[in-house]
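# A look at the structure
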Amino acid sequence: MALTDTFQNILEKTVGPFAHKLSENIAIQGVTQGFMATMPVTLGVALLSIISGLPIEPLQAFLTSSGLGAVITNALAVTMNMQALYIAIMVAYAHGNLRGGNGTASAVLAVASMLVLMPLQTQELAPGYSVSLIPQSYLGSNGIFIALILGIVLPPMLSFLLKHVSIDLPSSVPEFVNRSLSPTFASIIILTGMVLISWGLTFTPFGNIYDLVSQTVAMPIMAVGSSPWSYLAVSAFAQFIWFFGVHPSSIMSAYAMVSMAVSTQNIEAFMQGAALPALAFAAVSVVQNADSLALGICAFFCKSERYKPLGRLAIVPAFFNITEPLMFGMPIVLNPTFFIPFVLAKPIIGLIAIGGTALGLAGAFNPTVAMPFVMPQFLSTLLQGGIGLMAIDLVCIAVMVLLFMPFFRMADKEALAEEAAASSEE
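Residue numbers run consecutively from 1 along every chain, following the written order of its sequence. Reporting in this predicted model follows two pLDDT cut-offs: at least 70 for local features of residues, and 80 or more for side-chain atom pairs to be given and counted; totals over whole chains, interfaces and linings ignore these cut-offs and use all residues. Calculation of side-chain values draws on the structure's entire complement of heavy atoms; hydrogens and water are dropped beforehand.

## Notes on the packing of aromatic side chains
- Stacked, edge-to-face and tilted are the three classes for Phe, Tyr and Trp ring pairs, Trp counted by its six-membered ring, which pair at centre distances within 6.5 Å; planes under 30 degrees apart are stacked, over 60 edge-to-face, the rest tilted. Going through the model one piece at a time under the given rule, you end up with 18 aromatic pairs.
- Each ring, one from tyrosine 231 and one from tyrosine 255, has its centre 5.9 Å from the other, and the planes form 65°; the classification is edge-to-face. In this pair, tyrosine 231 is assigned in helix 13 (residues 228-243) and tyrosine 255 in the loop between helix 14 (249-254) and helix 15 (256-271), connecting sequence segments 24 residues apart.
- For every residue, the accessible area obtained with a 1.4 Å probe (protein chains only) is divided by the maximum for its type, and the residue is called buried under 20%, exposed over 50%, and partly exposed between those limits. We classify tyrosine 255 as buried; its relative accessible area is 1%.
- Pairing phenylalanine 243 with phenylalanine 339 gives two aromatic rings, centres 5.0 Å apart and planes at 75°, and the pair type is edge-to-face. With phenylalanine 243 in helix 13 and phenylalanine 339 in helix 20 (residues 339-358), this pair connects stretches of sequence that are 96 residues apart.
- One aromatic cluster in this structure is built from Phe240, Phe243, Phe244, Phe339 and Phe342. Numbering of helices and strands runs from the N terminus, with a helix taken as a DSSP run of H or I at least four residues long and a strand as a DSSP run of E at least two residues long.

Printed below as a string of structure tokens:
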């Protein structure tokens, strides 16, 4: 306990002031408030996501026969799979309000800009009759970074333009009419700029800004090898960019060709009764979500009014590897308090997995067993690799709790101090 308290004090004296200074930035505050405002969506459908993914045959048969499964899939498609849209709206709204009350106009322009920058897909239904479709993938994980950028950039841009090109209406005009009409010229400038950006990108190999971001980020991954150290490096890089809002799916999907080839080699060797040629690679890959449950455990023990309800609600989704409520609720993304543990998490998990494999704990791994994403992490490893692999996973979870807990406690302590100060003022 003394060692833990000492480390806690060091964090509060070194990381704490720097993180607190960054958190006072208006843009960071806008991101934090905007992320927290998306909680009704992320938590609201978490249970549905768990139900739809549980590998329970009677349950899945009922969902299919009753049609409820299709309805749940549709609900997830317009909520979790369109998360970038909600983030753009709420981050721009919160940031705009912090910059002088332009939240509504900022939110509307953020959505409009997202759609203007997005290439529509034309589908011909009949000769002479076609429809334009919005690609849903750009509204989900592939669009989160763009949504964040728009939410951060548009409010100050709008505030600047309103000072120079806004419409001055007489005082007799109702306030809600004034708020709606005054940004007209500013909106013309902003949306025209978005059109020019979108047009300019059509002359590049990427075609649009969404593919520019995802392909540019994923490009270095194509040359990475198939050793366990390569997987460790790729997952660490994916975690690093995830902190800044670029979803790791763009990285891991680019690396999928390598991981699938390695998995095929392991399956072929397993079927022949031979030793797995890439056992350590497999061990690293299957324990990568060990930090998910650790985040939920750490949040569960928060005591402040700000974080306590979130911790009680988010522990169940975290148990099933759904961390969006914490990623956007604390938030962890773009939260300077959690930068150090978040970036270190994947490398540490990878090193533990490699070390456990060297000790022979992953020897019972069966590459033919595939588990759904929502299966609790330690149960997946038990079914895939027996007690030994589950032991590696439990060690990873415990280490992740030890890694994140001091930073959660630091954030919680700061929230408690703010709440105490607010209470004394009242």
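## Thoughts on the pattern of salt bridges
- One side-chain nitrogen of Lys or Arg within 4 Å of one carboxyl oxygen of Asp or Glu is enough to make a salt bridge. Counted according to the given criterion, the structure contains 1 salt bridge.
- With a closest N to O distance of 3.2 Å, aspartate 291 and lysine 346 form a salt bridge. Of this pair, aspartate 291 sits in helix 17 (residues 290-300) while lysine 346 sits in helix 20; the two residues are 55 residues apart in sequence, bridging distant segments of the chain.

## Concerning the environment of isoleucine 149
- Counting through the fold element by element, isoleucine 149 comes out in helix 9 (residues 144-165).
- As for isoleucine 149 and glutamine 288, which are separated by 139 residues in sequence, their C-alpha atoms are 28 Å apart.

## Some points on the packing of helix 2 (residues 26-37) against helix 7 (residues 83-98)
- Closest axis-to-axis distance for the helix 2/helix 7 pair is 7 Å, and the angle between their directions is 135°. Taken as axis vectors, helix 2 and helix 7 run oblique relative to one another. The crossing of helix 2 and helix 7 is right-handed. Across the interface between the two elements, Ile26, Ala27, Gln29, Gly30, Val31, Gln33, Gly34, Phe35 and Ala37 from helix 2 touch Ile87, Met90, Val91, Ala94, His95 and Leu98 from helix 7.
- Residue classes in the contact of helix 2 with helix 7 are distributed as 10 nonpolar, 5 polar and no charged. To define axes, lines are fitted to C-alpha atoms, for helices over the stretch in contact only, and angles between the resulting N-to-C directions are given on a 0 to 180 degree scale. Each angle gets one of four labels, with under 35 degrees taken as roughly parallel, over 145 as roughly antiparallel, 65 to 115 as roughly perpendicular, and the rest as oblique. Each crossing gets its handedness from the near helix: less than a right angle anticlockwise from the far helix is left-handed, clockwise is right-handed. We call two residues in contact whenever any of their non-hydrogen atoms come within 4.5 Å of each other. Classes in brief: Ala, Val, Leu, Ile, Met, Phe, Trp, Tyr, Cys and Pro nonpolar; Asp, Glu, Lys and Arg charged; the others, Gly included, polar.

## Focus: the packing of helix 8 (residues 103-116) against helix 9
- Contact geometry of helix 8 with helix 9 gives a least axis separation of 9 Å together with a crossing angle of 130°. Of the possible angle classes, the one that applies to helix 8 and helix 9 is oblique. Here helix 8 and helix 9 pass one another in a crossing that is right-handed. Together, Ala105, Ser106, Leu109, Ala110, Ser113 and Met114 of helix 8 and Ala147, Leu150, Leu154, Pro155 and Leu158 of helix 9 make up the contact between the two elements.
- Looking at the contact of helix 8 with helix 9, its residues break down into 9 nonpolar, 2 polar and no charged.

## Side note on the side chain of serine 159
- Take serine 159: it is sitting in helix 9.
- The exposure class of serine 159 is buried, given its relative accessible area of 13%.
- In contact with serine 159, not counting residues within four places along its chain, are Arg99 and Asn102.

## Comments concerning the pairing of strand 1 (residues 121-126)
- With 5 bridges joining them, strand 1 and strand 2 (residues 129-133) adopt antiparallel strand pairing. Bridge pairing in strand 2 links alanine 126 to tyrosine 129.
- Strands are treated as partners if at least two bridges between them are detected by DSSP. Hairpin geometry of strand 1 and strand 2 is characterised by an intervening segment of 2 residues between the two adjacent antiparallel strands and by a positive phi of about 80° at glycine 128.

## What to know about unusual backbone geometry
- Look at the link from methionine 330 to proline 331: it is a cis peptide, with omega at -10°.
- In this structure, asparagine 321 takes a positive phi of about 70° despite not being glycine.
- We note that leucine 334 has phi near 60°; this positive angle belongs to a residue other than glycine.

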